[in-house]
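Residues per chain, in single letters:
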Amino acid sequence: MGEWWKEGVVYQIYPRSFQDSNGDGIGDIPGIISRLDAIRDLGAGIIWLSPVYKSPDADNGYDISDYYSINPQFGSLSDMDALFAEARKRGIRIIMDLVVNHTSDEHEWFQKSRRGDPEYRDFYIWKPPRGNGKTARGLPNNWTSYFQGPAWEFDELRGEYYLHLFDKKQPDLNYRNPAVIGEVKKILRFWLDRGASGFRCDVINVLYKSSFGDGRPGPVRGMEHYLTQEGTHRILREFRADVLSRYDCFTVGETSFATLKDAGDLSGPDRGELDMVFYFDHLEVDRLIAKYVPLPFSAKKLLSRLTRWQQGLDWNALYLENHDQPRIVSHYGDDGAFWERSAKLLGLMEFTLRGTPYIYQGQEIGMTNFDFKGMDDLNDVESRNMDALLRGKCVPAPLRWYWIRTASRDNARTPMQWSAEDGAGFTAPGVKPWLGINANHRRINYGAQRNDPSSVLAWYRRLIALRAGSNTLKYGPFAPVYGDSRVMAYRRDPAEDAGDGPYTVILNLSGRGAKLPRRILASAGGAKIVLSTTGRTEISGRLEPWEGLLLSQH
């Protein structure tokens with residue numbers, strides 16, 4: 001009925017935290033190969049592989065120094081070829097992470113650019129000092145980095161500033177230079193020819209900088225000069241026409257501060273750019289500034305956000321977790337008394353929305369946020385920069401730590417919890433992993449759930465199988481039914497020739513029981529329970545804490 005990437009389920013692997021095969025405390029490609037059967041048994045048919053390229057790891061691999069080589073920590077090109085081959089044997093496709101807004105400052109292109117090599121001189125965005133040398137007044141403009149502080153770094157060798165929207169070791173490429181676009185096309189072809197089935201495109205809507213005037217005040221100053229510019233649309237259409245259209249592949253773009261219109265322009269089926277996009281709106285319902293500074297949660301507000309994107313885009317990329325977000329059961333769920341039930345409810349929500357579902361490693365077993373005690377336990381550059389920013393604004397240390405603890409990217413990056421033993425089955429007992437292992441791996445782990453029919457893992461397998469057999473859940477239109485502070489409900493009406501549905505989804509996103517509103521009962525008249533997070537089989541007038549129900553009227 002649709003393209004394979006609409007039919008399938010994607011499983012994201014963060015390589016350094018997935019499986020260590022050689023006892024150095026860092027996950028690697030042979031480790032991924034050893035766990036392919038677990039991904040197949042889950043029912044996922046696509047792997048999104050976070051960066052494995054050569055990198056000095058200033059931002060955990062998102063600072064690439066060679067797009068054609070593998071980071072030796074992870075293995076070799078022959079290991080990567082083996083991963084493609086072994087995945088293919090199991091009917092699993094792999095999409096790569098495409099990080100081309102910036103490179104590492106250790107990339108050969110940048111080193112040649114800073115030395116004035118004629119071929120590479122304009123590969124990056126260089127500007128001379130403005131006014132008074134290297135002081136703040138000497139910066140080319142007032143733009144700030146996504147990682148806080150000025151977005152410009154002075155290079156003594158070249159005598160100019162270079163732009164870095166992220167870390168200072170991640171200089172931005174200059175997409176006004178056709179040679180840069182040509183090099184990216186070579187990268188695309190190299191990996192597609194080698195076995196990749198597409199790309200997750202990192203911060204893809206900031207590629208083209210239209211102008212370089214001072215920015216207006218905002219969370220990241222200067223965004224109006226580069227967010228989702230026409231130049232970026234033009235570049236993406238060129239990538240599609242010249243390379244991507246010649247392969248059986250798909251692209252999903254991570255978009256920064258994207259509006260619904262931006263997302264539609266980037267991924268509309270007639271646009272010839274991306275196939276779908278990741279946005280952040282649905283994960284910021286209870287946040288004041290992006291994922292930091294908590295606000296009270298509202299199920300009605302979440303339903304409103306979901307409805308906006310479900311009805312506003314032709315096709316959605318569905319996700320609740322990734323390597324940059326806290327664990328969803330610790331964010332919107334309850335990782336204490338109702339850990340299992342809330343983890344199941346959130347999975348039910350994701351898999352009953354319209355779009356391609358993405359599971360982040362460990363989500364399928366209900367992994368939680370880290371249990372670290374302080375900043376010294378963290379590895380994440382973004383968290384460290386946020387701590388420095390908040391400290392500069394005189395935010396008290398306990399409050400700084402609370403905000404960072406609940407939102408840090410390291411929450412998702414703790415090693416995968418495969419077993420209850422020391423090392424969590426991720427690495428050998430006695431080996432110090434690159435990032436601390438959550439102590440709750442004794443209780444929450446793959447081995448404990450693998451053969452348990454009531455586990456979170458079994459629930460995800462069931463959700464994936466249910467979606468695979470339902471054209472309504474995959475393609476049917478979405479309609480909101482009801483929302484209040486704790487409870488929300490929506491319908492999935494039958495798609496054309498679906499043969500199943502309609503479905504009503506009812507979710508109590510709270511630790512308190514709730515009355516089942518009449519509007520929901522009226523909408524689901526004559527329905528039967530297909531799935532329940534509490535195991536109930538009959539509809540009543542009340543919902544239990546963290547009860548999620550999937551009802552069918554077919």
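I will try to describe carefully the structure that is included in this document. (Residues numbered from 1 in each chain as written. Predicted model: local features only at pLDDT ≥ 70, side-chain atom pairs only at ≥ 80, totals over all residues. Heavy atoms only, no water.)

1. Quick word on the packing of helix H11 (residues 339–351) against helix H15 (residues 456–468)
Moving on, step 1. Contact geometry for H11 and H15: axes closest at 10 Å, N-to-C directions at 15°. By the angle class used here, H11 and H15 are roughly parallel. The hand of the H11/H15 crossing is right-handed. Taken together, the residues of H15 that come into contact with H11 (itself represented by Trp339, Glu340, Ala343, Lys344, Gly347, Leu348 and Phe351) are Val456, Trp459, Tyr460, Leu463, Ile464 and Arg467.
Moving on, step 2. Of the residues assigned to the contact of H11 with H15, the class counts are nine nonpolar, one polar and three charged. (Axes fitted to C-alpha atoms, helices over the stretch in contact; angles between N-to-C directions. Helix = DSSP H or I, 4+ residues; strand = E, 2+ residues; numbered from the N terminus. Parallel < 35°, antiparallel > 145°, perpendicular 65-115°, else oblique. Left-handed = near helix turned anticlockwise from the far one by under 90°. Contact = heavy atoms within 4.5 Å. Nonpolar A, V, L, I, M, F, W, Y, C, P; charged D, E, K, R; others polar.)

2. A word on the pattern of salt bridges
Moving on, step 1. Applying the stated rule across the entire model yields 43 salt bridges.
Moving on, step 2. Linking Asp242 and Lys185 is a salt bridge whose minimum nitrogen-to-oxygen distance equals 2.6 Å. Here Asp242, found in helix H7 (residues 230–242), pairs with Lys185, found in helix H6 (residues 178–194); they are 57 residues apart in sequence, far enough to count as distant.
Moving on, step 3. The class for Lys185 is buried, based on a relative accessible area of 9%.
Moving on, step 4. Where Glu230 meets Arg237, a salt bridge forms, and the shortest distance between an N and an O atom there is 2.8 Å. (Salt bridge = Lys/Arg side-chain N within 4 Å of Asp/Glu carboxyl O. Buried < 20%, exposed > 50% of the residue type's maximum accessible area, 1.4 Å probe, protein only.)

3. Examining the sheet that holds strand E5 (residues 93–98)
By way of backbone hydrogen bonds, the strands of a sheet pair with one another, either parallel or antiparallel.
Moving on, step 1. With parallel pairing, the eight strands of this open sheet are ordered in space as E11-E10-E9-E5-E2-E1-E15-E14. This sheet does not close on itself; its edge strands, each paired only once, are strand E11 (276–278) and strand E14 (317–319). Adjacent strand axes in the sheet meet at a mean angle of 25° when their direction is disregarded.
Moving on, step 2. Of the strand pairs in this sheet, E14 and strand E15 (residues 356–360) are connected by three bridges, and their pairing is parallel. Opposite Leu318, over in E15, you have Pro357 as the bridge partner.
Moving on, step 3. Packed on one face of the sheet, helix H4 (residues 77–89) meets strand E2 (46–49) and E5 and runs near 140° to E5. (Pairing = 2+ DSSP bridges.)

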